[in-house]
Each structure stands twice: as structure tokens, then as C-alpha cells.
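In case you want the letters, here they are:
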Amino acid sequence: MPLTARQRSIHNKNGAKRSASMTKGKRSRKSSEGEYLVTNAPTDLRSISYPGGMVALALLLTARIISAYWGHIADCDETYNYWEPLHYLVYGSGLQTWEYSPAYSIRSYMPLWMFAVPAKILSFIMTPVSVFYTLRALLASLTACSELMFYKAVCHEFGVHVGRIWLCLSLAAAGCFASSAAMLPSAWSSALVAAALASSWRRRYAAAITFTAATTLLSWPFTALIGVSIAIDMLFFKKKFYEFFKWSIISLIVILVPTIIVDSWHYGTLVVAPWNIVVYNIFTEHGPDLYGVEPWTYYFVNGFLNFNIVWVLALSCPLLLLACRAVATRSIAPPAFCIPYWLSLMPLALWLGVFMVQPHKEERFLYPVYSMIILAGAISLDCIQKMTFAVGTELFRWRKERERRHYLSYTGPLAVMCVMLFSTISISRIAALYNNYHGPMVLLRHLPAEPKVVCFGKEWYRSPSSFHLPPGASIRFVASEFDGQLPAPFSDLHNATRIIHPYFNDLNKGDNTTYLPPSKCHYLVDSDIGRATHLQPFYHTDTKSWNIIASVPILDAAKSNKIFRAFYVPGISYKHVVYANLYLLKNVLIN
């Protein structure tokens, strides 16, 4: 199918020479953006195909909604800091963490209300668990829309070949499968950052500033770091001082003022939650390293698990860009290693540079740059293709045809093989996550429809949230070997969000006064992982007190091979991994 003038101008960024048509002896009109005619582009370039907007959106929606329904909650912070307070806003009950105590107030209620309003409406016609999955589908759909914006902007800024590689890689990426439907600020920021960068590349600066302000003030304040490249572009290269400051002030007022009003009403005092979380994590001695301290290799291993070969390509992107410029100069136009190019990739470099040196490391901290990781990998793959073509023109008969043949004609199979290898490993990773950890998402479905107390002990971090309980039921905790701080129920009083409880602290010190004795629990979640101790016995073996209502398999990581617990290989993995049981127990001594 012949390309439009705009499509041909985009294809030029993949190596074809750009030239404007001139009429001899006549004054040519000024071309609008994208209206370039390619007079000497290789003829086979005109047949290049790539998914249009509707096709790309359909593919992205399919992939993300699959993750919403089959993905599991990988981080207990998602359950206790977001799903639980959201359940309180919708149903009036749930668990409260110290972050939501008025004494600290480092979490904002404003973004939760954006989901609580539709959830409240849905609660009149759906069960809580149906509301849960509908909200996840909503999150997945919003993520897909932002990724569509990113895909179209990549095609415009980096060329359609890089764009279509990015799309193929994004669809199968295990990291995107985990993040796209997560109820986490870093996941919201992943979508908002993608939309902000896409708007910036398309020169839609008002939208770029608004999305940046939204991710900073509503989601995660530290993502302001990603807006540095947008500010540099507008202030130093485009000289758009008035537009930058105008939309920055407008965004600040429109987003921050309502946030302050909502949070101040909930906490009962003037609160600027985005500022509080910055103060806690930067200006306190224990904020950055109280939880999740990991070695410097953590992100390298985690990045490979989520993006396998693309992670390696992304980290190699700067070197490959320089090598492509040096090697491919004679055979093909190299990528433009100029200010716009490095400026576009700056957010990824800044983010990795800052977070890799922090002692507190978690997988979700990289969510905001997941789209950029895949983009850097796609650019690296494009560079490898160009260098392969450059070498081929010197060693093989490609040289005779290099003026009329495009580099994709010879190196297309290389890209296809890389995408297929990446997709195969990613799907293997997704299958392993589903097989190993999806059990807790379905275990509580076996609860009867009655308001009872469901307790968690040593498996406290596997709770999928109160949305998975029947109406009127509640989650509590029993003592275990874990001595850190666990959430406590919101008060039944009308001003529950304003009450300061003495058992909350910001030092992760546990308080046994919030625990229930096992005899007070109607149901208990237990497992046969590890060994029995005084504080966490194998309750399921005490048949005089507990009946097993249901059980699901759960990975026993300590007894499983590290490779095969991370990736699923049909017919082989089951020989190298060990599954334990997660039990739902009923207390036979109380009704």
C-alpha cells in the first residue's frame, strides 16, 4: 500500500534520505509538518507496514486486560496502602496503615477517591470481588490508552520501525504484565509518565506539563525527575518560557489545591501529602533504608527477570548508539545522535542513576520507566540492525544494492528473532508467576457469604485485600515470627481517618495489641511452608480446632531451583520446583 506524505516523512527517520520537492523556476510553498516527499528513498521501503492506532489499541487492551484478570498482587504494599483504604472509602471498613495516621499523613486520599467514586456506584450492582476486578480492568484500560499515545509518539520521534518493535515488545513484557493493572502510585506514574513524554515528543507541551504535574502531585512526587527533560526542552531549546510557567502554575493550582482540601478534611488538619512523603524519604534518618534494603545488584537481576534480553539492550543503548554512528556511517544514515535524541532518553538515565544508588530497592520503583526501558531496547535493536547491514555491505553482495535496498530488507529476520526470543522468555516468566503465586487470589472465594473474621498469620503478606471477602467480613492478624508493624482496622467512628492511634509508628515496630488470638478467628489462612514454631504452628494439623475448607498450591521458594521458579518450562519445571499448600481453615470451636 502506498504511503502518505506524512508516513514517508516518518519512515525517513529509519535511514532513508529526506528531501523536499522543488519546482524549478517556481517558488515552493512552505511545507507543513510531515509533508515531505521522498524522491530517492528505496522502493521497498514504501511497502513497510506497521499497526495503526485502532489495531495497536486493540492489541494493548487485550494484553493489559489479560493481566488485570490473571495477574496477582505481587506487593503487599498494594494491598494494605491502597486496596484496603479504598475498601474503607467504598464500604466503610478496611485496614489502616501507619502512613494514613494523622500523625504522619504521608499518603493522599485524593487519588483513591478517583477510583472510589466509580467503585461506590458499582458496589450497588456488584459483589466486592467483582468491583475489584472491574477496577483492575479500568486501570489496565487507562494504561493501554497511555501506551497508545507513547507508541504513536515513538513512531513520530524515532521512526515506525522502532515504534513497531516497541509495540511488539510491550505486549509480551513480563514487567508490563505485572504493572499495568496494579493499584500502586508507581503503576499510575508509569501511565502518566508515558503520556507526558509522548505529549512532549509531539510538541504538545500543555498536555506534557499537565501529565507531569499529575504524576508528581497525585501519584508519586519523585517522578518529577522525569519532567526534567521536558523542562530543558521547553526552556533551553524551544525558549517557551511563558507557556512553561503558565501551564506549570495552572496545573499546580488545579491539581494541588483540591488534593490539599481533600486530605486536610480526612486528616483533620492542613496536610500536603506529596510534600510529607518527600520529607519522610529524604529528610529523615530512617525513611530511605527502613524497608527493602537490597544489594546493588538487585535491579540488574530484577530487570532481567522482567525484560530479559531487552534489559541488556536497554543498558547497552548509549554504547550501541555511538557504535552505530561510527560503523554505519558509510552504508546507511546512522541515528541522529544529537540533542533531541539524548534529551528523549534522558528520563531513563536519570531514573536509573538515582534509584540504583538508593539502599531501598523494590521492583515497583522501576514501574515509571518501563516504557522507556522497552524503548531503549528497541532503539538498541534498531542500531544492531543498521550495523549488521553496514557490515554486510562490506562483506557480501549487499554493497551492490545498498543504494536501492533498505537495511530492513536484509535485517528484518534479525528483529523478528529477537522479538520472538524475548516474547518466549517473557511468557515463560508470566506463566511461572501465575503457577507459583496466583493461589491467594482465589483461596478466599471459598468463604461462605456471612460476616466473619478472617485471620492471617505468617502468610500476612499474601492477603489479596478485603475486596475478596463477603460483605461484612473483616481481616485481622494473629501473632507470628514477624515482629514488624502490621495494619489495624479503621475505627468504626465517623471520623476514623482523623483518629491518632498510639500503636502506629514510623519505625516498623510491631504492636501485639492489634493482634487477635487464634481462638477469636472464624477462619484462618495457614500454610505448610517452613517449619512449625511456638508463634506460628501448623494450624492445619490441629484437626480438633480447625477444619480445612480449601487449599491452593503455593511455591516453596526455599526448596525450589532459582531458574525454574523464575521461568516456566513445560515438562521440565515441575521436576525442579516444590509446591506447598496454602490453606483456608475454619474454626470448629466457634460458630
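Residues numbered from 1 in each chain as written. Predicted model: local features only at pLDDT ≥ 70, side-chain atom pairs only at ≥ 80, totals over all residues. Heavy atoms only, no water.

Student: Looking at this structure, I do not really get the overall build of the protein chain. What am I missing?
Tutor: A count of helices and strands for the protein chain gives 20 helices and 7 strands. For the protein chain, the residues scored as buried account for 55% of the 591 residues in total. Of the contacts formed within the protein chain by residues at least 6 apart in sequence, a portion of 76% connects residues at least 24 apart. Here the protein chain displays about 26,500 Å² of accessible surface, and carbon together with sulfur accounts for 65% of that area. (Helix = DSSP H or I, 4+ residues; strand = E, 2+ residues; numbered from the N terminus. Buried < 20%, exposed > 50% of the residue type's maximum accessible area, 1.4 Å probe, protein only. Contact = heavy atoms within 4.5 Å. Areas by Shrake-Rupley, 256 points an atom, 1.4 Å probe, with all protein chains shown as cover.)

Student: Sorry if this is basic, but what is going on with the pattern of salt bridges here?
Tutor: Opposite charge on two side chains lets them pair, provided their charged atoms get close. Tallied over the entire structure, the rule returns 11 salt bridges. Its salt-bridge partner being D75, residue R364 comes within 2.7 Å of it at the nearest N-O pair. In this pair, R364 sits in the loop between α15 (339-355) and α16 (370-395) while D75 sits in the loop between α2 (53-70) and α3 (76-91), placing the two residues 289 residues apart along the sequence. The exposure class of R364 is buried, given its relative accessible area of 13%. On the basis of relative accessibility, which here comes to 17%, the residue D75 falls in the buried class. Close ionic contact of K240 with E243 constitutes a salt bridge, the shortest N to O distance being 4.0 Å. (Salt bridge = Lys/Arg side-chain N within 4 Å of Asp/Glu carboxyl O.)

Student: Would you explain helix α10 (residues 228-237) in this entry?
Tutor: Each α-helix winds once per 3.6 residues, and so residues spaced three or four apart point in a common direction. Those residues of α10 that sit buried are S229, I230, A231, D233, M234 and L235. Phi for K239, located one or two positions after α10, is positive at around 55°.

Student: Any chance you could explain the sheet that holds strand β7 (residues 579-587) here in plain terms?
Tutor: Strand order in the open sheet made by the 5 strands is β3-β2-β5-β7-β6, with mixed pairing throughout. Whereas interior strands pair on both sides, the edge strands pair on one side only; in this sheet they are β3 (474-477) and β6 (546-555). On average, each strand axis in the sheet is inclined to that of its neighbour by 25°, with strand direction left out of account. Direction of pairing for β6 relative to β7: antiparallel, over a ladder of 9 bridges. Note that in β7 the partner of N547 across the bridge is K586. (Pairing = 2+ DSSP bridges. Axes fitted to C-alpha atoms, helices over the stretch in contact; angles between N-to-C directions.)

Student: Which parts of the structure should I look at to understand the environment of A488?
Tutor: Inspection of the secondary structure assignment puts A488 in strand β4 (residues 488-489). A488 sits 393 residues away from L95 along the chain, and the two C-alpha atoms are 5.3 Å apart. In this structure, A488 is in contact with G94, L95, Q96, Y503, F504 and T514, ignoring residues within four places of it in sequence.

Student: Is there a simple way to explain the side chain of S264 in this structure?
Tutor: Position of S264 relative to the elements: it lies in helix α11 (residues 241-267). Judged by relative accessible area, S264 falls into the buried class, the value being 16%. A distance of 2.6 Å separates the side chain of S264 from the backbone oxygen of I260, its partner in a polar contact. Those residues within four positions of S264 in sequence are excluded, and the remaining contacts are T269, L270 and V271. (Polar contact = N/O pair within 3.5 Å; in protein donor to acceptor, adjacent residues only side chain to side chain.)

Student: Explain the environment of P440 here, please?
Tutor: Structurally, the position occupied by P440 is in helix α19 (residues 440-443). We classify P440 as buried; its relative accessible area is 8%. If we skip the residues at most four places from it in the chain, P440 touches R462, P464, V552, I554 and L582.

Student: Even after reading the chapter, I still don't get the state of the cysteines, so can you show me in this structure?
Tutor: In protein structure, a disulfide is the covalent linkage between the sulfur atoms of two cysteines. The tally for this structure, following the rule as stated, stands at 1 disulfide. Here C317 is not cross-linked by a disulfide; its sulfur's nearest cysteine counterpart is in C383, at 6.2 Å. In this structure C317 comes out as buried when scored by relative accessible area, which is 3%. (Disulfide = S-S within 2.5 Å.)

Student: Is there a simple way to think about the nonpolar core in this case?
Tutor: The nonpolar side chains of a soluble globular protein tend to be buried with one another. Counting 102 residues, the largest nonpolar core has L86, F150, W201, M372, L375 and I379 as its most contacted members. Sort the elements by how many residues they give to this core and helix α5 (residues 128-158) lands first, with 13 residues. Among the nonpolar cores identified, the runner-up in size contains 23 residues, and I475, Y523, I529 and A550 belong to it. (Core = buried A, V, L, I, M, F, W, Y, C linked by side-chain atoms within 4.5 Å.)

Student: Where do I start with the packing of helix α4 (residues 110-122) against α5 in this structure?
Tutor: The geometry of a pair of packed helices is captured by two quantities: the angle between their axes and the separation between those axes. At a closest axis distance of 10 Å, the pairing of α4 and α5 adopts a crossing angle of 140°. Judged by the inter-axis angle, α4 sits oblique to α5. Crossing geometry of α4 relative to α5 is assigned as right-handed. Across from F115, A119 and L122 in α4, the residues of α5 making contact are V131, T134, L135, L138 and L139. Its residues assigned to classes, the contact of α4 with α5 shows 7 nonpolar, 1 polar and no charged. (Parallel < 35°, antiparallel > 145°, perpendicular 65-115°, else oblique. Left-handed = near helix turned anticlockwise from the far one by under 90°. Nonpolar A, V, L, I, M, F, W, Y, C, P; charged D, E, K, R; others polar.)

Student: Sorry if this is basic, but what is going on with the environment of C168 here?
Tutor: Turning to its location among the elements, C168 is positioned in helix α6 (residues 160-172). Taking the relative accessible area as the measure of exposure, C168 reaches 37% and is therefore partly exposed. Remark: the alpha-carbon pair of C168 and A378, spanning 210 residues in sequence, is separated by 9.6 Å.

Student: What's the story with a nonpolar patch on the surface in this structure? I'm lost.
Tutor: Nonpolar side chains collect at one region of the surface, where F241, F245, I249, I250, L252, I253, V254, V257 and I261 lie side by side and expose about 840 Å² of accessible area between them. What makes V254 exposed here is its relative accessible area of 55%. (Patch = residues over 30% accessible without salt bridge, like charges linked within 9 Å, V, L, I, M, F, W, Y side chains within 5 Å.)

Student: Could you clarify how one ought to interpret the packing of aromatic side chains in this entry?
Tutor: The description of two aromatic rings rests on the distance between their centres and on the angle between their planes. Summed over the entire model, instances satisfying the criterion amount to 34 aromatic pairs. Ring centres 6.0 Å apart and planes at 75° place the aromatic pair Y91 and F467 in the edge-to-face group. You can see Y91 sitting in helix α3 and its partner F467 sitting in the loop between β2 (453-456) and β3, a full 376 residues away along the chain. Geometrically, the ring pair formed by Y100 and Y109 is edge-to-face, given 5.2 Å between the ring centres and 65° between the ring planes. Exposure remark for Y109: the relative accessible area of 0% places this residue in the buried category. An aromatic cluster is present here, built from Y69, W83, Y91, F132, Y133 and F467 joined pairwise through their rings. R498 extends its terminal NZ or CZ atom over the ring of W265, reaching a point 5.5 Å from the ring centre. (Phe/Tyr/Trp six-rings, centres within 6.5 Å; stacked < 30°, edge-to-face > 60°. Lys NZ or Arg CZ within 6 Å of the ring centre and 35° of its normal.)

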